[in-house]
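Architecture at a glance
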Amino acid sequence: MTAGSVTPDAVSIITTKRDGGVLDDRQIDWAVQAFTDGRMAPEQMSALTMAILLRGMDRREIARWTAAMVATGERLDFSDLTRDGRRLRTVDKHSTGGVGDKITLPLTPLVASYGLAVPQLSGRGLGLTGGTLDKLESIPGWRADRTPAQMAAQLRDVGAVICAAGPGLAPADRKLYALRDVTGTVESIPMLAASIMSKKIAEGTEALVLDVKSGSGAFLPDLDDARELARTMVGLGTDSGVDTVALITDMATPLGHTAGNAVEVAEALEVLAGGGPADVVELTLALAREMLAAGGIDADPAEHLAGGQAMDCWRAMIAAQGGDPDAPLPRADHVEEVTADADGVVTALDARAVGLAAWRLGAGRARPGDDVQAEAGVVWHVRPGDRVRRGQTVMSMHTRTPERFVAARAALDGALTLGEAAPEATSVVAERITVGG
C-alpha cells in the first residue's frame with residue numbers, strides 16, 4: 001500500500017497544521033466531510049481550527065477548504081433564468097456586517113430594477129451586527145424562507161429575492177461556524193473567508209461584490225486584517241469562476257442614523273424614495289455601480305432611486321414574499337432620549353458603542369434562536385461635523401422593555417466625542433480590491 005493511499009486521520013491532520021505544515025487536498029477533503037457527518041469529533045476539529053488560526057493557510061489550502069465545504073451540500077444553479085427571451089445574469093453582494101448596515105435593503109431592488117437577477121441569501125444577526133432577515137421580518141407578513149424553485153420564480157418575475165439559506169447549502173459551514181463561535185476561532189481569516197465564500201459559491205451567482213468593513217463597529221476592526229480578508233475572498237471567488245471584487249468601507253462611524261430592525265427598514269425606504277442619509281446613499285450607489293458593471297450594465301444607479309423604479313421593485317419583492325409594503329412598521333412603546341453633556345462639535349460617534357446599545361435594547365441576540373424586538377434600536381440625530389449644545393437630544397433609545405434602558409445608556413456613555421473643530425470629511429469607501437490588488 002502506498003503512502004498516498006492511506007486514509008487521512010484526524011490526529012495526523014491536526015499535528016501537521018500544529019507544526020506549521022501544509023495540508024494536502026485529501027486531508028482537507030477528509031477533515032471537512034468527516035466533521036460534517038460526525039466521523040471527526042468536535043474536540044478534534046476545535047484543535048484543528050485553533051491550529052489554523054495560529055499557523056494560517058496558503059491560498060491553495062483555503063481554496064480547497066472552501067471547495068470541500070461547498071461539496072458537502074447542494075449547489076444552486078440559476079444559469080437558465082430568462083425573461084422575455086433574454087438570459088438574466090446573476091449578481092450578488094455580501095457585507096461582513098456593521099452597525100446600521102441596512103445597505104442590502106435598498107441595494108437589492110435597485111440593482112434588480114436594471115434587469116439583473118439578485119439572489120441575496122442573508123442571515124439573522126448574532127451579537128452587535130443586526131441581520132438583514134431580522135430587519136425584513138419587522139414588515140408584517142414577510143417570510144424569509146424560499147425554496148430554490150421559489151427563488152428562481154421570483155428572480156424571473158421580480159429580479160430580486162432576499163431570503164434565508166436553506167439547510168442543504170454548505171451544511172459544513174453551519175456546523176463549523178457553531179463550533180468556531182464557542183472556541184475562540186471565529187477571527188481566523190482563512191476560516192472566515194471560506195465560511196463566507198462557500199455559501200456564495202454554492203448560491204450559484206455569476207458575479208459578487210463584497211463589502212468588507214473596517215473600524216470599531218466592524219467584525220475585523222483593523223484595516224490590515226480587513227484588507228487581507230478582502231484579498232483572500234476575491235481570490236477564492238475568482239478561482240471558483242465567480243467574477244468578484246471587494247470594497248473596503250468605513251465602520252468607525254455607524255451607517256445612517258439608525259441601528260435596529262424596523263428603524264433601519266424605515267431609513268432604507270427613505271433611500272428608495274430618493275432621500276435618506278448621505279453616507280447610506282453613497283455606499284448604496286458605490287456597490288450598485290460595481291454590481292451593474294459586473295452584470296454588463298452601463299448606467300447611473302442614482303437615476304432609478306430618483307425615478308422610483310427601485311421602489312417599485314422593492315414593493316414587488318416584499319409582496320412576493322408575503323409582506324405588505326404599505327403596512328406601518330412596528331414602533332416602540334418606550335423611547336428615552338440621550339442628551340449632550342457639553343457644547344461642541346461632534347468629532348466621532350463610536351459604532352461599536354451604538355451597536356452594543358441597540359443589542360442591549362433588544363435589537364440583537366446573544367445566542368442563535370433568541371427572539372429579537374422589531375421595534376428596538378438606537379436613532380442618532382447628529383453625526384461627526386455637527387455642532388451641538390449642552391442638553392440637546394443627540395440620540396434616542398427605542399424598546400418595548402424599558403428596564404433595558406439603564407444598560408443601553410451605559411453603553412452609550414462616551415460614544416459621542418465632542419471637540420472644537422469638525423473632522424476632515426472622508427469617503428465611506430476606503431479601497432477597492434480586485435484580483436492581484
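Being a predicted model, the structure only gives us computed values, none of them experimental. Residue positions are given per chain, counting from 1 as you read along its sequence in written order. A pLDDT threshold of at least 70 governs which residues receive local features in this predicted model, and a stricter bar of 80 or more applies before side-chain atom pairs are shown or counted, although totals over entire chains, interfaces and linings include all residues. Where side-chain values are given, they derive from all heavy atoms of the structure, hydrogens and water being excluded.

**Observations concerning the overall build of the protein**
Stated precisely, the cut-off is as follows: Note on conventions: DSSP H or I runs of at least 4 residues are helices, E runs of at least 2 residues are strands, and numbering of each starts at the N terminus. The atom set for the radius of gyration is the C-alpha atoms, and the globule formula is 2.2 Å times the number of residues raised to the power 0.38. Accessibility here uses a 1.4 Å probe with only protein chains present; expressed as a share of the type maximum, an area under 20% marks a residue as buried, one over 50% as exposed, and anything in between as partly exposed. It only takes one pair of heavy atoms within 4.5 Å for two residues to be counted as in contact. Note on areas: Shrake-Rupley, 1.4 Å probe, and residue coverage restricted to the protein chains presented here. Under this rule, positive means Lys or Arg and negative means Asp or Glu; His and the chain ends count for nothing. For charged residues, the charge sits on one atom: NZ in Lys, CZ in Arg, CG in Asp, CD in Glu.
Tallying secondary structure elements over the protein gives 16 helices and 15 strands in all. Here the C-alpha radius of gyration of the protein, 22 Å, is about what a compact globule of 437 residues would show, namely 22 Å. Its C-alpha atoms give the protein principal-axis dimensions of about 80 × 55 × 40 Å. Within the protein, the fraction of its 437 residues that count as buried is 53%. Counting contacts in the protein only where the partners sit at least 6 residues apart, residues at least 24 apart contribute 78% of the total. When the accessible surface of the protein is summed, it comes to about 17,600 Å², and 50% of that surface belongs to carbon and sulfur atoms. In the protein, 43 positive and 59 negative side-chain charges are present, and the distance between their average locations comes to 3 Å.

**As for the sheet that holds strand 12 (residues 387-388)**
Rules: For two strands to be treated as a pair, DSSP must find no fewer than two bridges joining them.
Spatially, 3 strands are ordered 12-10-14 in an open sheet, and the strand pairing comes out antiparallel. Because the sheet does not close on itself, it has two edges, and the strands there are strand 12 and strand 14 (416-419). Here strand 10 (residues 344-349) pairs with strand 12 via 2 bridges, running antiparallel. Bridge pairing links V345 to R387 in strand 12.

**Section: the environment of V429**
Structurally, V429 is set in strand 15 (residues 429-433). V429 gets classed as partly exposed once you look at its relative accessible area, which sits at 23%. Discounting residues that sit within four places of it in the chain, V429 has contacts with L247, I248, T249, E282, L283 and A286.

**Let's talk about the sheet that holds strand 6 (residues 207-214)**
Keep this limit in mind: Every axis in this analysis is a line fitted to C-alpha atoms, fitted for helices over the stretch in contact. Angles between the N-to-C directions lie between 0 and 180 degrees.
The strand order 3-6-7-15 describes an open sheet built from 4 strands, whose pairing is mixed. Because the sheet does not close on itself, it has two edges, and the strands there are strand 3 (91-95) and strand 15. On average, each strand axis in the sheet is inclined to that of its neighbour by 20°, with strand direction left out of account. Pairing between strand 7 (residues 243-250) and strand 15: 4 bridges, direction antiparallel. Pairing of L247 across the sheet is with R432, part of strand 15. Contacts between helix 9 (residues 189-203) and the sheet are confined to strand 3 and strand 6, with strand 3 contributing the most and set at about 165° to the helix. Against the sheet, helix 12 (residues 278-294) engages strand 3, strand 6, strand 7 and strand 15, with an angle of about 150° to strand 6.

**Overview of the packing of aromatic side chains**
Worth spelling out the cut-off: Working definition: a ring pair exists when centres of Phe, Tyr or Trp rings (six-membered ring for Trp) sit within 6.5 Å. Plane angles under 30 degrees give stacked, over 60 give edge-to-face, the rest tilted. Our definition puts a charge over a ring when NZ of Lys or CZ of Arg is within 6 Å of the ring centre and also within 35 degrees of the ring normal.
Here the structure, examined in full by the defined rule, presents 0 aromatic pairs. The ring centre of F35 lies 4.9 Å from the NZ or CZ of K175, which sits over that ring.

**A short note on a nonpolar patch on the surface**
Keep this limit in mind: Without a salt bridge and with relative accessible area above 30%, a residue can belong to a patch; like charges are then joined within 9 Å and nonpolar side chains (Val, Leu, Ile, Met, Phe, Trp, Tyr) within 5 Å. Every case where a carboxyl oxygen of Asp or Glu lies within 4 Å of a side-chain nitrogen of Lys or Arg is listed as a salt bridge.
Together, M50, L53 and L54 make up a nonpolar patch on the protein surface, roughly 260 Å² of accessible area in all. Residue position: L53 is located in helix 3 (residues 42-55).

**Remarks on helix 1 (residues 10-18)**
Applied cut-off: Of all possible arcs, the one meant is that of the directions from the helix axis to the C-beta atoms. Two N or O atoms count as a polar contact when they lie within 3.5 Å, although within protein this holds only if one can serve as hydrogen donor and the other as acceptor, and sequence-adjacent residues are included solely when both atoms are side-chain atoms.
When helix 1 is considered as a whole, its buried residues turn out to be A10, I13, I14 and K17. The buried residues of helix 1 occupy one face: seen down the axis, they fall within an arc of 100°. Tucked inside the fold, the buried residues of helix 1 contact helix 2 (25-37), helix 3 and helix 4 (59-71). Sitting at the head of helix 1, D9 places a side-chain oxygen 3.2 Å from the backbone nitrogen of V11. Backbone geometry just downstream of helix 1 places G20 in the positive-phi region, at approximately 85°.

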